[in-house]
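So the chains spell out like this:
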Amino acid sequence: MNDDVRNIVLGVVAAGISAALGWVARTYLWKRRLRRKQAFFGLPDNSESLLVVNRGASGPELTVMRYDVFALLELAALIKDCGAQAQVVAHDAARQGFGERTEFCVGGPASNRRMTAHLASLLPGVRVNVDAEPTPDRGAFQIGSERYRLEGGVAEYVLLARLTVDASPHNRPVFLFCGQTAITNQAATRYLARHHERLRRKHGNGSFVVLLKVVNSHAYGPDVVEEVAEVTRAARAPLPAQATAPRSSHRAT
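Residues numbered from 1 in each chain as written. Predicted model: local features only at pLDDT ≥ 70, side-chain atom pairs only at ≥ 80, totals over all residues. Heavy atoms only, no water.

Draft legend 1. Representation of the packing of aromatic side chains in the model. What the rule picks out here adds up to eight aromatic pairs. Taken together, a centroid distance of 5.4 Å and an interplanar angle of 40° make the contact between F41 and F175 tilted. One end of the pair, F41, is in helix α1 (residues 3-41); the other, F175, is in strand β8 (residues 174-179), and 134 residues separate them in sequence. Of the two residues, F41 and F175, neither departs from the other in class, the shared state being buried. R66 extends its terminal NZ or CZ atom over the ring of Y67, reaching a point 4.7 Å from the ring centre. Its guanidinium or amino end placed over the ring of F40, R162 lies 5.3 Å from that ring's centre, counting from NZ or CZ. (Phe/Tyr/Trp six-rings, centres within 6.5 Å; stacked < 30°, edge-to-face > 60°. Helix = DSSP H or I, 4+ residues; strand = E, 2+ residues; numbered from the N terminus. Buried < 20%, exposed > 50% of the residue type's maximum accessible area, 1.4 Å probe, protein only. Lys NZ or Arg CZ within 6 Å of the ring centre and 35° of its normal.)

Written as structure tokens, this is what we have:
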């Protein structure tokens, strides 16, 4: 074998080794990102999760708003990426505790009984006005001492929460998408799908509650979303007595 042939062979071998090492490195990084994503969502390979759906606030029991269907599609894609499975359950048929399976609960308390229970048990510092009468506070969020009113199509709020009952890695989280309108529910699921890595870096795999604002949904749909504040502490602390007292324009759920 002359020097030219030897150099060609060595070059081919070196290129093959470099390609193999690059493939191994990319595979390792991809698997590491996947494991982190699975840990954040509580969705290991072949695990099961619940998609708890609400109903149209003025419709039949199992009528789901169009934007809520879009929200479920966003979540279904995310669950599939984790290699997990999803079971769709109506809000009044989901009868289980916390931690057995990851749960994604979509819709405000006016249309989702499961969300009403979660707010009372896990977020006692949150009240949502569900009055049927068209008052200025209809649909408003009370979080601690702050109130966030609905301005339809202009400024609409949604709570995005990841909650666990303890720090055990085997305890599956509950994700809440509690919006003032159906389009805000989709906005929150899309926000989670796009920004889950940043949320994981900021909050780890623990509990957090973030208040989001959907801006000018009449023009931009669910795509323009601002993070208003992290409200974990206020949302998980019971409201003071004066805030929980019944009022004509604000009703506890």
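Draft legend 2. Spotlight on the pairing of strand β1 (residues 48-53). The buried fraction of β1 amounts to five of the six residues, a majority that puts the element mostly inside the structure. Relative to strand β2 (residues 85-90), β1 is paired through six bridges, and the arrangement is parallel. Counterpart to S49 in the pairing with β2 is A86. Note that β1 and strand β3 (residues 102-106) share four bridges and pair parallel. Residue pairing across strands places L51 opposite F104, the latter belonging to β3. (Pairing = 2+ DSSP bridges.)

Draft legend 3. Inspection of the packing of helix α2 (residues 66-81) against helix α4 (residues 182-203) at higher detail. Relative to each other, α2 and α4 sit at 15°, their axes nearing to 7 Å. By the angle between their directions, the pair α2 and α4 is classed as roughly parallel. Like other packed secondary-structure pairs, α2 and α4 cross with a definite hand, here left-handed. Touching Y67, D68, F70, A71, E74, L75 and L78 of α2 are A182, I183, N185, Q186, T189, R190 and A193, all from α4. When its residues are assigned to classes, the contact of α2 with α4 shows eight nonpolar, three polar and three charged. (Axes fitted to C-alpha atoms, helices over the stretch in contact; angles between N-to-C directions. Parallel < 35°, antiparallel > 145°, perpendicular 65-115°, else oblique. Left-handed = near helix turned anticlockwise from the far one by under 90°. Contact = heavy atoms within 4.5 Å. Nonpolar A, V, L, I, M, F, W, Y, C, P; charged D, E, K, R; others polar.)

Draft legend 4. Seen up close, the environment of Q180. Position of Q180 among the secondary structure elements: in the loop between β8 and α4. Taking the C-alpha atoms as reference, Q180 lies 9.9 Å from Y148; in sequence the two are 32 residues apart. Those residues in contact with Q180 that lie beyond four places of it in its chain are G139, A140, F141, Y148, R149, L150, E156 and Y157. Among the polar contacts made by the side chain of Q180, one reaches the main-chain carbonyl oxygen of G139 at a distance of 3.0 Å. (Polar contact = N/O pair within 3.5 Å; in protein donor to acceptor, adjacent residues only side chain to side chain.)

Draft legend 5. Quick peek at the pattern of salt bridges. Taken as a whole and judged by the stated rule, the model has twelve salt bridges. The residue E227 makes a salt bridge to R198 at a minimum N-O spacing of 3.5 Å. Note that E227 is positioned in strand β10 (residues 225-230) and R198 in helix α4, a separation of 29 residues in sequence. Under the relative-accessibility criterion, R198 is labelled partly exposed at 31%. Across the pair E226 and K213 runs a salt bridge, and its minimum N-O distance is 3.9 Å. Residue E226 is located in strand β10, and its partner K213 is located in strand β9 (residues 208-215); the two are separated by 13 residues in the primary sequence. Taken together, the salt bridges that share partners define one network made up of E74, R190, R194 and D223. (Salt bridge = Lys/Arg side-chain N within 4 Å of Asp/Glu carboxyl O.)

Draft legend 6. Structural detail: the environment of Y157. Inspection of the secondary structure puts Y157 in strand β7 (residues 155-163). According to the relative accessible area criterion, Y157 is buried, its value standing at 12%. Separated by 17 residues in the primary sequence, Y157 and A140 have C-alpha atoms spaced 8.6 Å apart. Aside from chain neighbours lying at most four places away, what touches Y157 is F141, Y148, R149, C178, G179, Q180, T184, L211, L212, K213 and V228.

Purely geometric stuff here, so don't read any function into it on its own.
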